[in-house]
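Fold and contact review
Here is what each chain is made of, one letter per residue.
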Amino acid sequence: MNNYKQISLKERTLIEYLLNVQNKSVSFIAKELNRNRSTIYREIKRNKAAIIYKAKDSQFTRDINNTLSHQNKISKYNEFLRFLYVNFNPKSFSIDVCVFKAKELGIKTPTTQTVYNWIKNKQIKIKSKDLLRPRFWWKKSSKYKHYLWEISKMNSIPITYRPKNINQRKDIGHFEIDLIVSSGNSSKAIMTLVERVTRKGFAIKLENKTMKHTKEKLKELIAKENLNIKSITKDNGMEFNLLHEVTQELNVPLYTCNTYASCEKGTNENFNGLIRRYLPKKTNFTNLKDDNIIEILNEINKMPRKILNYKSAQEFYETFG
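Residues numbered from 1 in each chain as written. Predicted model: local features only at pLDDT ≥ 70, side-chain atom pairs only at ≥ 80, totals over all residues. Heavy atoms only, no water.

1. Topic: the packing of helix α10 (residues 211-225) against helix α11 (residues 243-250)
As a reminder of what qualifies: Throughout, an axis means a line fitted to C-alpha atoms (over the contacting stretch in the case of helices), and angles, computed between N-to-C directions, take values from 0 to 180 degrees. Put simply, DSSP H or I for four residues or longer makes a helix, DSSP E for two residues or longer makes a strand, and each gets a number counted from the N terminus. Any pair of residues with heavy atoms lying within 4.5 Å of one another is described as a contacting pair. Each residue gets one label: Ala, Val, Leu, Ile, Met, Phe, Trp, Tyr, Cys and Pro are nonpolar, Asp, Glu, Lys and Arg are charged, and the others, such as Gly, are polar.
Relative orientation of the contacting elements α10 and α11 amounts to 35°, with a least axis distance of 8 Å. Residues Thr214, Lys215, Leu218, Lys219 and Ile222 of α10 form the contact with α11, whose participating residues are Leu243, Glu245, Val246, Glu249 and Leu250. Its residues placed into classes, the contact of α10 with α11 shows five nonpolar, one polar and four charged.

2. A word on the pattern of salt bridges
Inclusion rule: When a carboxyl oxygen of Asp or Glu is within 4 Å of a side-chain nitrogen of Lys or Arg, the pair counts as a salt bridge. To sort residues, take the accessible area from a 1.4 Å probe on protein chains only and compare it with the maximum for the residue type: under 20% means buried, over 50% means exposed, and anything in between is partly exposed.
This model, assessed by the stated rule, comprises 13 salt bridges. Linking Asp171 and Lys230 is a salt bridge whose minimum nitrogen-to-oxygen distance equals 3.1 Å. Of this pair, Asp171 sits in the loop between α9 (164-167) and β4 (174-181) while Lys230 sits in the loop between α10 and β7 (231-234), and the two are 59 residues apart along the sequence. Looking at Lys230, the relative accessible area reads 29%, which means it is partly exposed. Among the salt bridges present, the one from Lys265 reaches Glu269, with a minimum N-O distance of 2.7 Å. For Lys265, a relative accessible area of 0% gives the class buried. Look at the salt bridges and you will find they share partners, linking Asp178, Asp235, Lys265 and Glu269 into a network.

3. Notes on a negative patch on the surface
Stated formally: Any residue with relative accessible area above 30% and no salt bridge may belong to a patch, with like charges joined within 9 Å and the nonpolar Val, Leu, Ile, Met, Phe, Trp and Tyr side chains within 5 Å. Using a 1.4 Å probe, accessible areas were evaluated by the Shrake-Rupley method; residue-level cover was limited to the displayed protein chains. Only four residue types enter the tally: Lys and Arg on the positive side, Asp and Glu on the negative side; His and the chain ends are excluded. Where a charge lies is defined by one atom per residue type, namely NZ (Lys), CZ (Arg), CG (Asp) and CD (Glu).
A cluster of like negative charges, contributed by Asp290, Asp291, Glu295 and Glu299, occupies part of the molecular surface. Inspection of the secondary structure puts Asp291 in helix α13 (residues 290-302). A residue is classified by how much of its surface remains accessible, and Asp291, at 53% relative accessible area, is exposed.

4. A short note on the sheet that holds β4
Put simply, the rule is: Two strands pair if DSSP finds at least two bridges between them.
In spatial order, the strands read β3-β8-β7-β4-β5-β6; together these six strands make up an open sheet with mixed pairing. On the outer flanks of this sheet lie β3 (157-158) and β6 (201-206), each paired with one strand and no other. Bridge count for β3 against strand β8 (residues 254-256) is two bridges, and the pairing is parallel. The residue bridging Pro158 from the neighbouring strand is Thr256, located in β8. Each of β4, β5 (189-195), β6 and β7 is contacted by α10, which is oriented at about 135° to β6, the strand it contacts most.

5. Focus on the nonpolar core
For the record, the criterion: Among buried residues, those of type Ala, Val, Leu, Ile, Met, Phe, Trp, Tyr and Cys that are joined through side-chain atoms within 4.5 Å constitute a nonpolar core.
Ranked by internal contacts, the top residues of the largest apolar core, which has 20 residues, are Ile177, Met191, Leu193, Leu218, Leu227 and Ile229. Within the residue set of this core, elements represented by two or more residues are β4, β5, β6, α10 and α11. Other than its neighbours up to four places away in sequence, Ile229 contacts Gly173, Phe175, Leu193, Ile222, Leu250 and Val252. The next biggest cluster of nonpolar side chains, apart from the first, holds 19 residues, and it includes Leu81, Phe83, Trp118 and Ile119.

Given below as structure tokens:
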């Protein structure tokens, strides 16, 4: 029981996808998540509203229950908290010392790790900034807030779960997305969107690579070309961390390649290589016009390329030219 780890929101997202979209059994889901079948069964039974299991609703319920549980737990240590607030000093009377001294005085005390967890979750008056040596949970590894990275992962599906009909190019409308960056210190870039069956590519210039701008430009490109999007596959680039907002509006899945495996969206990588024949590396995109991009796309899309599903391709070209 001590080794039990609570189900995360990422796991709940996968449960929702496998259960509602793939119609997989409880046993299959448990095996995929490396969980006991009873754990998955109880999770679904307790959090299934009507006939649909929703990951976010389940996580919300879990968070509320955890909060109430912690509040009840903290109330058992009121005497210790009074001692802690009076004596805590980051330089001379640390959390560890407070716990040790309180035990010596016969005060009922939690473990040191529990106190640090209270601080981390902002459940007591002492804050992380009050500690002399803040622990690793508060260190920022990038200029982007960590929760945006987590939201991106939670709202996208690992490419491992991408259906066979997409992998085998049996259905049109499934796209791969990527960026081609400008040279030097320029923040300009070109966003490319390539359809997997026909290999037809679309592109639009970006003024910068921020998440918000990338999201808005994708919406603009889809509307401009009147694209029938059925799914999008992306890599782990930070600039794509808000694309789930677009796919949720379209009600289509967003798939993410494994870390350091951009080759898993090889159709787009190959297309970008063709564009690099016209815009080699070290090319600055500052003066690049939309007409230049259209000319390059027309040249590339005329190139003969291997197409696996000719019937689907014919339908696609009748729609998009």
